[in-house]
Amino acid sequence: MRNDHQGITENQWHQAKLIWDYHQMQHELRPVDVAIGLGSHDLGVATRSAELYRAGLFQTLVFTGGNSPTTAKVFPRGEAVHFREHAIDLGVPADAILLEPHAANTGQNITLSREVLAASGIHPTTVLLVSKPYMERRSFATARKLWPDIEFLCASEPLEFDDYLKSIGDEKLVLDMLAGDLQRVIEYPKLGFAIEQEVPEDVHAAYESLIRSGFTSRLISS
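Please read these numbers as outputs of a predicted model, since none were measured by experiment.

### What to know about helix H4 (residues 106-119)
Phase 1 of the analysis: An ideal rise of 1.5 Å per residue puts 20 Å on 14 residues; H4 measures up with 20 Å between its terminal C-alpha atoms.
Phase 2 of the analysis: Every buried residue of H4 is listed here: Thr106, Asn109, Ile110, Ser113 and Leu117. Each buried residue of H4 lies within a common arc of 90° when the element is viewed along its axis, so the set occupies one face.
Phase 3 of the analysis: The secondary structure elements touched by the buried residues of H4 are strand S1 (34-38), strand S2 (60-64), strand S3 (97-100), strand S4 (126-130) and helix H5 (136-146).
Phase 4 of the analysis: The N-cap residue of H4 is Asn105: its side-chain oxygen and the backbone nitrogen of Gly107 are 3.1 Å apart.
Phase 5 of the analysis: Positive backbone phi, approximately 80°, marks Gly121, located one or two places after H4.

Here it is in structure tokens:
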């Protein structure tokens, strides 16, 4: 029985864990043409990208992302720039990395990364998206909408939910982000931003419960 989390209740933890599991695509990884590391507040994206490069899954890696209100202080020169530096520190050759330093959202991550690849003469048929653990499903849905002729796989740091909570250090923020990403999975297809995906009834119920409990700081306005 869990009893070591002060910021959330046991029931809220179980609701969040349902959503956490849903967000992860559980793709079986294999070699691909290129990988795209999606910028965020989570430097673990660069760490995981470097691990998978060293494992031989791809030869070209794009880091994409400018700044957002949540990353400007942490990554003052932009998400992609800091991710690139971290990956180089972890052994990825600089000439294996392409930089896309302007994207401000997931759609731009995909669109601008595609342009950077094309400018380098790279036209992939298989792409690995490396993201935060709870962003796998949304990044997949966005990429499939914007680049439909590509086969996408998703990857993130292989962390258990409790370990991720500890790594971020702010349980309420993590639950806010889980709810916010699920809202986007539900709502973005209606806006033409992503493909439709089925949300299981228990996951949707968990989401609605967290919203009622006030985990709303990352929701978009309806």
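### Comments concerning the UniProt feature "domain: DUF218" (unreviewed entry) in the chain
Phase 1 of the analysis: The sites that UniProt annotates as "domain: DUF218" (unreviewed entry) are residues 45-146.
Phase 2 of the analysis: Annotated as residues 45-146, this span is 45% helix and 14% strand, and its ends, taken at the C-alpha atoms, are 22 Å apart.

What counts, and at which threshold
- Residues numbered from 1 in each chain as written.
- Predicted model: local features only at pLDDT ≥ 70, side-chain atom pairs only at ≥ 80, totals over all residues.
- Heavy atoms only, no water.
- Helix = DSSP H or I, 4+ residues; strand = E, 2+ residues; numbered from the N terminus.
- Expected span 1.5 Å × (residues − 1).
- Buried < 20%, exposed > 50% of the residue type's maximum accessible area, 1.4 Å probe, protein only.
- Arc of directions from axis to C-beta.
- Contact = heavy atoms within 4.5 Å.
- Polar contact = N/O pair within 3.5 Å; in protein donor to acceptor, adjacent residues only side chain to side chain.
- UniProt positions renumbered as here; feature names shortened; annotations may be inferred.

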